[in-house]
Amino acid sequence: MEKIHASKLLAGLVPAGKLTSDPEVALVTTDSREVKPGCIFVAFPGERFDGHDFIDAALAAGAAGCLCARMPKTLRSDKFYIQVEDTRLALRALASAYRDRFPIPFVQITGSVGKTTTKEMIAAVLGAKLRVLKTPENFNNDIGTPLTLLALAPEHQAAVIETGMNHVGEIRYLGEMVRPDIAVISNIGDAHIENLGSRQGILQAKCEIFENLRPGGLAVLNGDDALLRGLDLPFRTVRCGQTPGCDVRITEIADHGVEGITCTVTTARDRYALTIPAPGEHMAYSASMAAAIGEELGLSHEEIVRGVATYEPAGS
């Protein structure tokens, strides 16, 4: 996060002149254990712990102030306290406004399986040319996504944001913060079908990603997924897969065991002989999507090939 005065960061939440102090802030956190001097602590009520119980500890550890839904009994004169109706919604508003400070391409990814792999592959490819912010492991929800966006800094030239869901409305909620230039769906499976009723219901929930796709944006889909193949979208759309008719074709997949796979990816512009240092045919789909996005953002042939070859699984 770039250093920013609290008054500017909180402008949408706090009337002008209402802050008791205006320190520079370089971190927003919901975890009192991660507090650093000058940060803002956001108190979240969770299933096991309520962040409001840790406000005093966070301030004692150096937080400049806090966002909270209920005020502590005792207030410190050297700290600021911003009371809001819902800290979850306040964090979303904070992240959304901060995201607008960065005129860089945003890629949002969802899918039933493989979204983390796809996120890491896209970040690896774009990283061959650009300085990329990507979603950290397990940060793809309503807390992790705004915290990821609040980690944007002046050096970043692109952002790759993974978003997960298990109920209708969640992808829409996250997309309202991300507002992607490129929206990616890796596939439609059976995950969370108990909440969504059918694979068609899962498709509809995943398609919420397009509601916040910016004008002129690009949709990138798994063209071998029957449900995704049938989508008719009012956006430029690239389908990646082995099926004839895909805009980006995957061919010549060869499995080399633990060393990974090789494949050929052919786009309307170029043909890429790719070496992917991870096993499994599914890796070719992530690589083909990353190649399509790399082309969209102006990467060269060599940069795309090199980026795929540097892929590492999340957490490695």
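Residues numbered from 1 in each chain as written. Predicted model: local features only at pLDDT ≥ 70, side-chain atom pairs only at ≥ 80, totals over all residues. Heavy atoms only, no water.

(A) Highlighting the overall build of the protein. From N to C terminus, the protein includes 11 helices and 15 strands. Taking 316 residues into account, the globule formula puts the C-alpha radius of gyration at 20 Å, and the protein, at 21 Å, falls close to it. Principal-axis analysis of the C-alpha atoms places the extent of the protein at approximately 65 × 40 × 40 Å. In the protein, which comprises 316 residues, the share counted as buried stands at 53%. Summarising the internal contacts of the protein: among those between residues at least 6 apart in sequence, 58% fall at separations of at least 24. Just so you have it, the protein exposes about 14,100 Å², and 50% of that area is on carbon and sulfur atoms. (Helix = DSSP H or I, 4+ residues; strand = E, 2+ residues; numbered from the N terminus. Rg over C-alpha atoms; globule rule 2.2 N^0.38 Å. Buried < 20%, exposed > 50% of the residue type's maximum accessible area, 1.4 Å probe, protein only. Contact = heavy atoms within 4.5 Å. Areas by Shrake-Rupley, 256 points an atom, 1.4 Å probe, with all protein chains shown as cover.)

(B) Quick peek at the packing of aromatic side chains. Scanning all chains against the criterion turns up 3 aromatic pairs. Judged by centre distance (6.4 Å) and plane angle (70 degrees), the rings of phenylalanine 49 and phenylalanine 54 are edge-to-face. Its guanidinium or amino end placed over the ring of tyrosine 173, arginine 88 lies 4.0 Å from that ring's centre, counting from NZ or CZ. Sitting above the plane of the phenylalanine 106 ring, arginine 99 keeps its charged end 3.8 Å from the centroid. (Phe/Tyr/Trp six-rings, centres within 6.5 Å; stacked < 30°, edge-to-face > 60°. Lys NZ or Arg CZ within 6 Å of the ring centre and 35° of its normal.)

(C) Expanded view of the pattern of salt bridges. Scanning the entire structure with this criterion turns up 17 salt bridges. Among the salt bridges present, the one from lysine 119 reaches glutamate 120, with a minimum N-O distance of 2.7 Å. Relative accessible area serves as the criterion here: at 0%, lysine 119 is assigned to the buried category. For glutamate 120, a relative accessible area of 7% puts it in the buried group. Put simply, lysine 119 and glutamate 162 hold a salt bridge, and the shortest N to O gap is 3.9 Å. Remark: glutamate 162 occurs in strand β9 (residues 158–162) and lysine 119 occurs in helix α4 (residues 115–126); sequence separation between them is 43 residues. One connected set of salt bridges, linked through shared partners, spans Lys119, Glu120, Lys134 and Glu162. (Salt bridge = Lys/Arg side-chain N within 4 Å of Asp/Glu carboxyl O.)

(D) Expanded view of the sheet that holds strand β6 (residues 80–83). Read across the open sheet, the 4 strands follow the order β3-β4-β5-β6; overall the sheet is parallel. Edge positions in the sheet fall to β3 (28–29) and β6, since each of these pairs with one other strand and no more. The sheet contact formed by β3 and strand β4 (residues 40–42) spans 2 bridges and is parallel. What sits directly across from valine 28, in β4, is isoleucine 40. Against the sheet, helix α3 (residues 87–99) makes contact with β3, β4 and β5 (65–68), and its axis sits at roughly 120 degrees relative to β5, the strand it touches most. (Pairing = 2+ DSSP bridges. Axes fitted to C-alpha atoms, helices over the stretch in contact; angles between N-to-C directions.)

(E) Quick peek at the packing of α4 against helix α11 (residues 301–309). Taken N-terminus to C-terminus, the directions of α4 and α11 make an angle of 135 degrees; their axes are 7 Å apart at the nearest point. Relative to α11, α4 is oriented oblique. As α4 runs across α11, the sense of the crossing is right-handed. Contacts from Met121, Ala124 and Val125 in α4 reach Glu303, Ile304, Gly307 and Val308 in α11. The residue makeup of the contact of α4 with α11, split by class, is 5 nonpolar, 1 polar and 1 charged. (Parallel < 35°, antiparallel > 145°, perpendicular 65-115°, else oblique. Left-handed = near helix turned anticlockwise from the far one by under 90°. Nonpolar A, V, L, I, M, F, W, Y, C, P; charged D, E, K, R; others polar.)

(F) Summary view of the environment of threonine 163. Locating threonine 163 in the fold gives a position in the loop between β9 and α6 (170–178). Classification of threonine 163 as buried rests on a relative accessible area of 0%. In sequence terms threonine 163 and glutamate 281 are 118 residues apart; their C-alpha atoms lie 23 Å from each other. Those residues in contact with threonine 163 that lie beyond four places of it in its chain are Gln108, Ile109, Thr110, Lys115, Asn140, Thr145, Ile171 and Leu174.

(G) Spatial organisation of the state of the cysteines. Under the criterion given, the structure shown has 0 disulfides. The thiol of cysteine 240 is unpaired, and the distance to the nearest cysteine sulfur, on cysteine 246, comes to 7.4 Å. Look at cysteine 240 and you get buried, because its relative accessible area is 0%. On the basis of relative accessibility, which here comes to 11%, the residue cysteine 246 falls in the buried class. (Disulfide = S-S within 2.5 Å.)

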